[in-house]
Amino acid sequence: IEGIDCRHLIIVGNIRVGKFYAAMSKVIGVCKKEKINVQVVAATKYLKNDIFSTIWYIVDDAKACILNPVRHFAFKNDSKVYIGSANEVRLFYPKSDLVVIKSADRIDYEVFMEIATRTTGQIILTCNDIKAKSWLFELSQKDSCVVVNADDFAPKFNYIEPNSNF
């Protein structure tokens, strides 16, 4: 997904195929190259710990960033990755250059639109499935959107569960 440049990128696939890992690998790569502000949105507050561990695993360089107790990673070049639940992000966070929404099928369209209006660049959404007659389905039909099936490329990632024993 590194070279996919569009306003909306939906990564769909089965559970544990590495959709979020792929999205965050792209984001961390951009953060290391240029100064950007990124919002990572957890559809529920219970997903935030999973997000922290995945980002920490991808960064893999303690000198590259500092984990701030105020829910964000700060990079040496002043890039920042803020992490929050959908309600926190829509209510408290400023404009972003890029947004990743984990489990986007669990948030309402209104919440998505509030986040989208404050995002200047790409919005990456991960979900297990795009159901017909859902806002994600409508979004997937737009010219500004690319849908990628993670099941097609999952073996390329060699995904390791962030908190697993090796």
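Look up a bit, the structure's there.
In short, a report on the structure. All of these numbers come straight from a predicted model, not from anything done at the bench.

## Here's the deal with the state of the cysteines
In a disulfide, the sulfur atoms of two cysteines are covalently bonded to one another. Under the criterion given, the structure shown has zero disulfides. As a non-bridged cysteine, Cys 127 has Cys 145 as the owner of its nearest cysteine sulfur, 9.6 Å distant. Unpaired in terms of disulfides, Cys 145 finds its nearest cysteine sulfur in Cys 6, a separation of 6.4 Å. A relative accessible area of 10% places Cys 145 in the buried class.

## A closer look at the pattern of salt bridges
Tallied over the full model, the rule gives two salt bridges. Between Asp 78 and Lys 80 there is a salt bridge whose closest N-O contact spans 3.7 Å. Overall, Lys 80 belongs to the partly exposed group, its relative accessible area being 21%. A salt bridge links Lys 131 to Asp 129; the shortest N-O distance between them is 4.0 Å. Judged by relative accessible area, Asp 129 falls into the partly exposed class, the value being 40%.

## Points about unusual backbone geometry
Of note, the phi angle at Asp 78 is positive, near 80 degrees, even though the residue is not glycine. Structurally, the position occupied by Asp 78 is in the loop between strand S4 (72–75) and strand S5 (80–85). For Asp 78, a relative accessible area of 41% gives the class partly exposed. Positive phi, normally seen in glycine, also occurs at Lys 133, with a value near 70 degrees. Secondary-structure assignment places Lys 133 in the loop between strand S7 (123–127) and helix H5 (135–140). Under the relative-accessibility criterion, Lys 133 is labelled exposed at 82%.

Cut-off values and rules
Residues numbered from 1 in each chain as written. Predicted model: local features only at pLDDT ≥ 70, side-chain atom pairs only at ≥ 80, totals over all residues. Heavy atoms only, no water. Disulfide = S-S within 2.5 Å. Buried < 20%, exposed > 50% of the residue type's maximum accessible area, 1.4 Å probe, protein only. Salt bridge = Lys/Arg side-chain N within 4 Å of Asp/Glu carboxyl O. Helix = DSSP H or I, 4+ residues; strand = E, 2+ residues; numbered from the N terminus.

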